[in-house]
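# Chain and residue survey
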Amino acid sequence: PPLPLSIYSSISLIYDSLGSTVDREATDKDKSKTNPRLKDLDFLKDDIKIHIGGDKKKEVLEILDSDVKFLSQLKIMDYSILLGIHNIAQVDIIFVIIIPFEIWN
């Protein structure tokens, strides 16, 4: 089921990752927005660490593996991983959405 609107509105950080560092930093203009979509180099520079324990880690890796297999069958090579991070002190939900690059752009 889709996530409740309150989940989307409470996301603290959004990273749009392509798995590349070439031209993958949000511009100052992008960063000045209310909810900026940051990029790969921003993630690295922010030194974000994601800690997912035991069963959840296994579940996330299985989902990613399944998505990669599905995208491979469709011969889609370029895709984004959107990482939404809540204030971890308040909420322990981290979710990943994979969107094919062709749809995203």
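Residues numbered from 1 in each chain as written. Predicted model: local features only at pLDDT ≥ 70, side-chain atom pairs only at ≥ 80, totals over all residues. Heavy atoms only, no water.

## Structural notes on unusual backbone geometry
A positive phi is found at aspartate 23, a non-glycine position, where the angle reads about 55°. Structurally, aspartate 23 is set in the loop between β1 (11-17) and α2 (28-31). Look at aspartate 47: it is not a glycine, yet its phi comes out positive at around 55°. Counting through the fold element by element, aspartate 47 comes out in the loop between α3 (40-45) and α4 (54-73). (Helix = DSSP H or I, 4+ residues; strand = E, 2+ residues; numbered from the N terminus.)

## Describing the environment of isoleucine 81
You can see isoleucine 81 is positioned in strand β3 (residues 79-86). Sequence separation between isoleucine 81 and aspartate 16 is 65 residues; the distance between their C-alpha atoms is 5.9 Å.

## Overview of the confidence of the model for the chain
Looking at the chain as a whole, its pLDDT mean stands at 76, while 72% of the residues score no less than 70. Ranking the elements of the chain by mean pLDDT puts helix α5 (residues 101-104) last, at 48, and α2 first, at 93. Note that pLDDT drops below 50 for residues 101-105; the model gives that stretch 11 contacts with residues more than four away or on any other chain. (pLDDT = per-residue confidence, 0-100. Contact = heavy atoms within 4.5 Å.)

## Remarks on the side chain of arginine 24
Examined against the element boundaries, arginine 24 turns out to sit in the loop between β1 and α2. Among the polar contacts made by the side chain of arginine 24, one reaches the main-chain carbonyl oxygen of aspartate 16 at a distance of 2.5 Å. Beyond its immediate sequence surroundings of up to four residues, arginine 24 is in contact with Asp16, Ser17, Leu18, Lys39, Asp40, Leu41 and Asp42. (Polar contact = N/O pair within 3.5 Å; in protein donor to acceptor, adjacent residues only side chain to side chain.)

## Comments concerning the pattern of salt bridges
Under the counting rule described, the total for this entry stands at 8 salt bridges. Because the salt bridges share partners, they merge into one network encompassing Glu25, Lys31, Asp42 and Lys45. (Salt bridge = Lys/Arg side-chain N within 4 Å of Asp/Glu carboxyl O.)

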